[in-house]
Structure formats: structure tokens, C-alpha cells
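Spelled out, the chains give:
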Amino acid sequence: MSWTLGELAQRLGLAFEGDPQLRIEGLNTLEAAGPSELSFFANTRYRPQLRATRAGVVILSVRDRDDCPGACLLSDQPQLAFARVGEWFETDDVHTPGIHPSAAIDPSAQVDPGATIGPFVEIGPRSRIGAGCHIGAGSVIGPDCELGEGCRLVARVTLVKRVRMGRRVLLHPGVVIGADGFGLVPEAGRWRKVPQLGGVRIGDDCEIGANTCIDRGALGDTVLEEDVRLDNQIQVGHNVHIGAHTAMAGCSAVAGSARIGRHCLIGGGAGVLGHLEVCDRVTITAMSLVTHSIREPGEYSSGVPLMENRQWRRAAVRFKQLDRSQGRPRPKDDSHD
Amino acid sequence: MSWTLGELAQRLGLAFEGDPQLRIEGLNTLEAAGPSELSFFANTRYRPQLRATRAGVVILSVRDRDDCPGACLLSDQPQLAFARVGEWFETDDVHTPGIHPSAAIDPSAQVDPGATIGPFVEIGPRSRIGAGCHIGAGSVIGPDCELGEGCRLVARVTLVKRVRMGRRVLLHPGVVIGADGFGLVPEAGRWRKVPQLGGVRIGDDCEIGANTCIDRGALGDTVLEEDVRLDNQIQVGHNVHIGAHTAMAGCSAVAGSARIGRHCLIGGGAGVLGHLEVCDRVTITAMSLVTHSIREPGEYSSGVPLMENRQWRRAAVRFKQLDRSQGRPRPKDDSHD
Amino acid sequence: MSWTLGELAQRLGLAFEGDPQLRIEGLNTLEAAGPSELSFFANTRYRPQLRATRAGVVILSVRDRDDCPGACLLSDQPQLAFARVGEWFETDDVHTPGIHPSAAIDPSAQVDPGATIGPFVEIGPRSRIGAGCHIGAGSVIGPDCELGEGCRLVARVTLVKRVRMGRRVLLHPGVVIGADGFGLVPEAGRWRKVPQLGGVRIGDDCEIGANTCIDRGALGDTVLEEDVRLDNQIQVGHNVHIGAHTAMAGCSAVAGSARIGRHCLIGGGAGVLGHLEVCDRVTITAMSLVTHSIREPGEYSSGVPLMENRQWRRAAVRFKQLDRSQGRPRPKDDSHD
């Protein structure tokens, strides 16, 4: 698997500088790439690495050309071009379609002959697995699930019940979809569980990261529209609705019945409280908590900045004192507020 | 499976308004329910949906009666009444007790003949599984565990060792109970692992959400009293003690040896530091960090409110400056504090 | 399994006070220990328990001697001495090396005859399992992985692909290592996935807690140096580098390409943003967010203190107002800043 610089330029439709016969046999970071490897430059933080790179070819914007010591491919979107090349270099073992003899498949389940079912997989009653699906080892698919064409459950994924997915959905190991929502109602000093009668619907081309959980709806479904991208360790409560093309970073969480718009970016560890609405094209920065609905696109934050601990302790004490002045005669200067 | 409005009223012991012969065949949200479906109204946020609902019957409080366009069942606790009806409409595939031929069960383990053991389950030495238990596919139960009657491990649950559970405990997929606590002691610039010699005890009627972890004790046990309810993705450290009827929302965490009281509510993403005590009937709001013991029932919070990012940046800078004034001559107006 | 006080003192090389023939048959907490049990005192919070203990022997520092009602072993590092004794009392079922008949092992994989492979384990193409490894039930090891001598995958661990581990690495249940990093690039209003071509390298003596995830590199590897200790529910993004002897507490997270130094302590729920550098010997307190690189050893924090909710609401409102004064004529007193 190798291409010349000229071949790469042609396949990508990009201009280049350098010897068109230069042969590229792999991809690597600016720092580690050697003369037969391709790299890319998109984050200005790495300009020193660009200037020192030994990479055979670098994909970069024309404005960064002068910082590149060697050959280059010129692109307005270097990372996108690099992602495309990356796909050509990706190797995956080929799986022959078929069902591993150890799999436990309910007689009422339907598995397309073009699907691959790995070892130690259970498929429950009335579930349907589409053509080209790959169900990795140790996955458990409960009753009444549907997987469209080309879904991939890498390994040890659980679909509890009533999970319906579109095409090309990618689920990483440890994902749990369709577990009971957290529905409790107090009754005489104890908790009574609220039955969770809904399901989960997941659109085409969604990707769900390792150990992420998406509960099924209490009534009606929890919904991810198409092309939603969830990182690892995320929690999505029952009856949440997430709009198309929204991406959520690791350890973020959305509580029950919240509604997130399209093209949103939710930072790592951020949280959205239950029953809120977040409109399209909202960015929430890392570890912020959304405590009210957001009606305007834009970037939102909470939290306070990182400080050296002793300095922080003093500021924190002052924060606690902030409430005091309110109930009292206001100092003269506050009239400026 | 269907009931008339009159039958529902009688079974629930509730007054109703409307045609007693009206037949209800399912449950749904106010927004989606049709004329043969039942819904409920408990959160005032959804009053517009109540006014517009096409639901055949709505369970609601008498004070909301006038906002309901159709028939209704009158209850002081609409959500509780709805939870009860929900149980009648819940359907689950019946599992015949017995042991799947693929299961790997240690000869010294005891499995009650009334228990159901799914495929690809391992049960270790000296463990005991009570009557009516359901051990879902891919679960691993290590040595010296005990499960009381009617416990349910949905699928892919791990009980590492020395986990003793009461009756009717419900564990969702990906749960890990009884793993080594995080005990380290420095020795000559490296870490030495502290042996974790205790176990975990879980009371009757507890529910543990998907991918939640509860470590076993270092010495003595990690304990959940009865009717504790944990959502998904929660972390409970070694030797934590959680009182009866406490509920914790998703992604919250309790560090080692902390003690949480009874009837507490811990919000999503909240944290409790190690060795602290939280008394009964304490509520911690979402993403707050408990940094000192709490001796008085009530509601506690930390964090700062969500703001538009530019506004937040300015406030955050001012927060950093809050410490400065302390070590200096105080401005005159501060004397008001 | 029991030792006399005299034998313990000799094996540990410690001075003692009390009857050398006193026999110790187990370990327990100060509160629960009886006359034939050993305990230790290292956290001054538990001094009342020390004074009231019924433990046969307590390991403690000479300065705490007078608070101990019974016999004692004197150590400068009581917890370390206790950890050593703990190892002698730890019991584990012996596993005979060999491969469980249910395991699905690719013909091109190499399993050392001294390794133990549990039930329902899959091992993929070209992977190599060293001597003395223990691969617990339900684990999935993908292609091109290498495990050094004495690694232990407790149960249900997934190594997705290209994961290379040193010796004596301990992985708890639910761990996922080597899943796709979260790499996305926008293309015409949709997400395009960036291929993740790297792997993961993990040094000797690392320990990874339950349900923790470590993604593989996009280009090059995600790296944990030796003796790194990760608690449960942690997220480590692609191309992160964590230095030797660093410990991270539960629910913490490090975003892609961040670099953490050696001997760092990352508190529970803390986060480190992507591409940052944290130097050696840095402590981050619980639930803090690292938003800029840290060049100086020390302790760092963010967040605000826990407060009674009504008091907190007032302080939070004042925090929101903090930004206001900046763009306006500054009040006279602010000139002191």
C-alpha cells in the first residue's frame, strides 16, 4: 500500500510542491514522520514541529507553505484531506459473513445472510440484523431491536430492548443502549420504579463511544437524529432528543427529556439538566452545567478558572462572601452596577 | 391488554370524569397520545401539551382538571398512579428457569433450580444464586458471592468477588461490583497496591444503573442499605456506606470511606470527597462537589451559573482577582461586609 | 493462616509492644477489629476509633503510641506496613494455566502455555499473550495486541486493536483500551471520521480501574509509562501521554494529545483539556478543570466551595454581576486592585 505524491495529489484534487515520484508508504505525526511518510498541519500550536519535520510530504494550507521544509500538498482543509488519505491506509481484517457457532440466536430473530455475528453473541426475540452488519464478540442484543445495513458493534455492546438503528451506526465496546431510564416516584417513604415503556431510535451514521449509555424512553423514544457523534463515557437519559450532526465529548451527560438541537458541540464533562431545550448551533464548553434552556446560538460556559491552590482558596472564600452584601445597605460604589 | 376507564378507576381507587366504557389500550406522552391511550400530567412545564392533548384519558390532580380537554382520572399523585398502570402494560418475555448449556459454573457454586442462567455466564467457586434470580447473558460472577431471591442481572454484569446482595436487586448492563478499591501507598517513589480484603453488601430492592461501579472494601465492606437507587455511570469507592432510600443521579461519584445518609438525593455529576459524612435527607444539586461533612438536612450546591461565554470570561477574570483584596488594605466600602 | 505478633514484627522489621505470642488471624478496621485481628492507624480523623479499638495489634507511628489501648507495631509508614501484611492474608483461587474450551482464539495468535485463558474469551489475529497472564471470562482481545508476562485481565476487558502492554499490568472489568479516538472533521455540514491509525502502549505495573477507557492514537500511540495508576470510570483520549507513577482518581478525564508528567495526582472528576502539558509533580484537586498548560509543580484547583443552596444562589447571582464593572468607569475602591 503506497502512493506517489503525484498520485495522492490527483486522487485528492490538490495542488502540490515537490517531486511527483516521491513515494509515500505511511502516515505519521509531524514529529515522528520520516521521508516516506505523509503528515498534516492544521493546529498552529504545532508550528515548531512543522518547521522541524522530516516528513516526506505535509498537507497544509498555502499560507503555511513557507514553514514546511519539504514537499507538500496544498489544501484549504488539511485535516479533511488527511482524513481521506487515512481511510486508504486503514487496514482491517476481513470478516467472512456468517454466524459463529457459539452465538445464541432466538429462533424468531432475523439475521441477514450478509451479516457477521461473532462469538458469544446473544440475539433476542424478534430482533432483526441488516445486511453487512458486524456484531462483535460478547455483544447482547435483546428483544425487538432493529439494525439497518452496515451497522458495526465492535465488541461487548448491549442493546437492551426496543432499540432501532439506521444504517452505518458504529458502536464501540461497552456501549449500553436501551436500559431502563432512571424513573422513580416516592411512595410511603420508599421508591417505586416507573416502568420504562419506550425505546431508542438512532439515525444513520451515528457513532457512540466506548462505555457510553443511552437509556430508553419512559413513554415514547429516546432519539438521536442522523450523524450524531458521541465520545466515550457519556450518559444520555430517557426521552432525550439530540439533533442531527451534534457532537458530544467524553464524560458529558444529558438528563431525562432534555432536547439538544442540531450542529451543537457539547464539551467534555459538560452536563445538561432535565427537560431543558438547547437550540441549534450551541457550543457548551468543557465541564459547564446547562441550568436553563438556551434559545440563542452561541458559546456558553460555567465554572471558574484553574488557579494555584492557595490563591484559589482565598478567591473561593471571597466567593462565599459575595452573597452577604445583597441583603444589606449597598455600598455606594455598587450603584455603578 | 386493555382496560376501560371505569376498570382503571376501580383498580386504582381513583375518581374519574368521562365515559366509563372508554377503552384504553396503551400509554403515551401528552403530546403523542391518541384517543385510546392514557397519559399523565405532573410537571407544570408541560401545561401547553396538556391543553392540546388528544389522549383518551389523563391522570392528573383535581386542580389541573380544567386544563384537560378530555376524560381524566383524578389523583393527588398522578405520577405514582401512572407508574402503577405502567406495570400492567409492561411486557417481558418469559424466561423458563434453568441453566443455558454454554454457562460455565464452578462445581462448588449453588444455583437454585428456580433461577435462570443465560448464555456465556460464568459463576465462580462457592457463589450462591437464589430462587427466581435471572442472570443475563455474558455476566461474570466471581467467587464467594450471594444473590438473594429475585435478583436480576440484565446482561454483562460483573460481580468480582465477595458481593452479597439481598432480594430483588436489579443490576443493569455493564455494572461492575466488587472490583479492587483504589488503594495505593507510596514506597520509594513507586506505588504499592493496598490489598482489598473486604466485600460489598447490597440491601433489598436496590437498583444499579448501567456501567456503574461499586468497589469492594479494603477492610470491611462497602455497603448499600435497602432501596438505594443508583443511575448510570456512577462511581462508588471502597468502604462507602449509602443509607436506605437514597438516590443518586447519573455520573455522580462518592470517594472512599464516605458515608451518605438515608433519603438523600445526589444530583447528576455531583461528587463527595473521601471520609466525609453526609447526614440524612440532604440534597446535593447537579455537578456540586461536597468538600466537607454535612450535618444539617437541606439542599447544598457549588459551581457557578451558565453564562454566555464572553460574559463568563470577564466574570472569571474578576473571580481570579477576588483573592487579591484580602491581603491588602481593604477598601472602605468593604467594611459593610 | 496466622502469625504471632513476634513473627509479624520480625517479617516487617518493626519494633513492637505487647505479648510476642499474641496470635493474629485476620485484618480489620479499628472499629471492627477484635482481639485476634490486626489494624492500622494512619489518618488522624480516626483517632477516636484508635482510642476505643479492640484490635489485638495496631500498626502505628510511635507518636500515636499513647492513644492505642493494646499491643502495637511501630512504623514510620503504618499504611505501607499494613499493605505488606495485607498481601500475606490475601486469598485467591488458584487458576491452572490453560485455555478454556469455549475460548475463540485465532490460529495466528500466540498464547504462552503458562497463561490462563478463561471462558468466552476471544483472541484476535497476531496477538500474543505472555507467560503467567490471566485473561478473565468474557474478555475480547482484538488483532495485533501484545501482553507481557503476568498481565491480569480480571473479566470482560476489551483490547480493541494494537494495544501493547508491559509486564504485570492489571485491568479491571469493563476496561476498554484501544477504541477509536474521537476524531471528526466537518465536511459540508456533516462529520467525517478521521481514521485512527495508531495504537496504545502501556508500561509495566500499570493498573486500570473498572470501566475506564483509553483510546488508541490517531497517528502514533497513546502512552502510559510504567506504574501509572488509573481508578474507575476514567476517560483517556487519543495520543495522550501519561508519565510514570502518576495516579488519577475516579471519573477524571484527559482529552486528546494532552501530556501529563510523572508523579502527578489527578483528583476525582478532574479534567485536562486537549493538547495541554502538565509538568511533573502536579496535583489537581477533585473536579477541577485544567484549561492551560502547567509548568510549575504544585497544587491547582478550580471550582467554588459547597454552600447551602439559598446562600449559593445569592453568591452565584453576584458572580454573574462580576463582569459588569469591567467595561464601565471603575468604582474608586477598585483602584486598590
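Residues numbered from 1 in each chain as written. Chains lettered and ligands numbered in written order. Predicted model: local features only at pLDDT ≥ 70, side-chain atom pairs only at ≥ 80, totals over all residues. Heavy atoms only, no water.

Draft legend 1. Highlighting the sheet that holds strand β21 (residues 176-179) of chain B. All names here are of chain B. The strand order across the open sheet built from ten strands is β9-β12-β15-β18-β21-β26-β29-β32-β35-β38, with neighbouring strands paired in parallel fashion. The open sheet has two edge strands with one neighbour each: β9 (104-105) and β38 (289-290). Pairing analysis gives two bridges linking β9 to strand β12 (residues 122-123), with the strands arranged parallel. Following the sheet pairing, Ile105 is matched in β12 by Ile123. (Pairing = 2+ DSSP bridges. Helix = DSSP H or I, 4+ residues; strand = E, 2+ residues; numbered from the N terminus.)

Draft legend 2. Representation of the pattern of salt bridges. Across all of its chains, the model carries 66 salt bridges over all chains by this definition. Its salt-bridge partner being Asp227 of chain B, residue Arg229 of chain B comes within 2.8 Å of it at the nearest N-O pair. We note that Arg229 of chain B, like Asp227 of chain B, is buried. Arg47 of chain C is the salt-bridge partner of Asp67 of chain C, the closest N and O atoms lying 2.6 Å from each other. Taken as a pair, Asp67 of chain C in the loop between β6 (57-60) and β7 (71-74) and Arg47 of chain C in helix α2 (residues 47-52) lie far apart in primary sequence, 20 residues in all. Neither residue differs from the other here; Asp67 of chain C and Arg47 of chain C are each classed as buried. Within this structure, Asp180, Lys193 and Arg216 of chain A together with Glu207, Asp227 and Arg229 of chain B form a network of salt bridges that share partners. (Salt bridge = Lys/Arg side-chain N within 4 Å of Asp/Glu carboxyl O. Buried < 20%, exposed > 50% of the residue type's maximum accessible area, 1.4 Å probe, protein only.)

Draft legend 3. The arrangement of the interface of chain A and chain B in detail. Residue-level contacts link 86 residues of chain A with 71 residues of chain B. Between chain A and chain B, roughly 6,200 Å² of surface is buried when both sides are summed, and carbon and sulfur atoms account for 58% of that area. Counting across the interface, chain A meets chain B through five salt bridges. Where Lys193 of chain A meets Glu207 of chain B, a salt bridge forms, and the shortest distance between an N and an O atom there is 2.8 Å. Our count for the chain A to chain B interface comes out at 23 residue pairs in polar contact (both at pLDDT 80 or more). Breaking the side of chain A that touches chain B down by element, the ones donating at least two residues are β21 (176-179), β22 (184-187), β23 (190-193), β26 (213-215), β38 (289-290), β39 (298-301) and α4 (309-321) of chain A. The residue makeup of the side of chain A that touches chain B, split by class, is 43 nonpolar, 26 polar and 17 charged. In this structure, β39 of chain A lies alongside strand β40 (residues 307-308) of chain B, joined through two bridges in antiparallel fashion. (Contact = heavy atoms within 4.5 Å. Buried area = accessible area lost by both parts, 1.4 Å probe. Polar contact = N/O pair within 3.5 Å; in protein donor to acceptor, adjacent residues only side chain to side chain. Nonpolar A, V, L, I, M, F, W, Y, C, P; charged D, E, K, R; others polar.)

Draft legend 4. Just the packing of aromatic side chains, in detail. The final tally for this structure, using the stated rule, is 15 aromatic pairs over all chains. An angle of 65 degrees between the planes, with centres 6.2 Å apart, marks the rings of Phe319 of chain A and Phe319 of chain B as edge-to-face. Of this pair, Phe319 of chain A sits in helix α4 while Phe319 of chain B sits in helix α4 (residues 309-321), each in a different chain. Look at Phe319 of chain A and you get buried, because its relative accessible area is 0%. Taken together, Trp3, Trp88 and Phe89 of chain A form an aromatic cluster joined through their ring pairs. One residue, Arg11 of chain A, lies across the ring of Trp88 of chain A, its end atom 3.9 Å from the ring centre. (Phe/Tyr/Trp six-rings, centres within 6.5 Å; stacked < 30°, edge-to-face > 60°. Lys NZ or Arg CZ within 6 Å of the ring centre and 35° of its normal.)

Draft legend 5. Main features of the interface of chain A and chain C. The interface of chain A with chain C comprises 71 residues on the first partner and 86 residues on the second. Roughly 6,200 Å² is buried in total at the junction of chain A and chain C, and carbon and sulfur atoms are behind 58% of that figure. Our enumeration of links across chain A and chain C arrives at five salt bridges. The set of elements that each furnish at least two residues to the side of chain A that touches chain C consists of α3 (78-89), β28 (229-230), β31 (247-248), β40 (307-308) and α4 of chain A. In terms of residue count, the dominant contributor to the side of chain A that touches chain C is α3 of chain A (eight residues). Here the side of chain A that touches chain C is built from residues that sort into 31 nonpolar, 20 polar and 20 charged.

Draft legend 6. Broad picture of the packing of helix α1 (residues 5-12) of chain C against helix α3 (residues 78-89) of chain C. Residues and elements named next belong to chain C. Between α1 and α3, whose axes approach to 11 Å, the crossing angle comes to 115 degrees. When the interaxial angle is binned, α1 and α3 end up roughly perpendicular. Crossing of α1 against α3: the hand is right-handed. Contacts between α1 and α3 pair Leu8, Arg11 and Leu12 from the former with Ala81, Arg84, Val85 and Trp88 from the latter. Here the contact of α1 with α3 is built from residues that sort into five nonpolar, no polar and two charged. (Axes fitted to C-alpha atoms, helices over the stretch in contact; angles between N-to-C directions. Parallel < 35°, antiparallel > 145°, perpendicular 65-115°, else oblique. Left-handed = near helix turned anticlockwise from the far one by under 90°.)

Draft legend 7. How the structure looks around the relation of the copies chain A and chain B. For the pair chain A and chain B, the superposition axis carries a translation of 0.0 Å, the fit reaches an RMSD of 0.1 Å, and the rotation angle comes to 120 degrees. Each copy turns onto its partner about a three-fold axis. Here only 19% of the contact residues of chain A are again contact residues in chain B; the copies associate through non-equivalent surfaces. (Least-squares fit on C-alpha atoms with pLDDT ≥ 70 in both.)

Draft legend 8. Region of the structure containing the pairing of strand β7 (residues 71-74) of chain A. Residue and element names in this part refer to chain A. Here β7 shows a buried face lined by Ala71 and Leu73 and a second buried face lined by Cys72 and Leu74. Bridging between strand β2 (residues 15-17) and β7 involves three bridges; their strand directions are antiparallel. Counterpart to Phe16 in the pairing with β7 is Leu73. Here strand β6 (residues 57-60) runs beside β7; their pairing, made up of four bridges, is parallel. Counted as the bridge partner of Val57 is Ala71 from β7.

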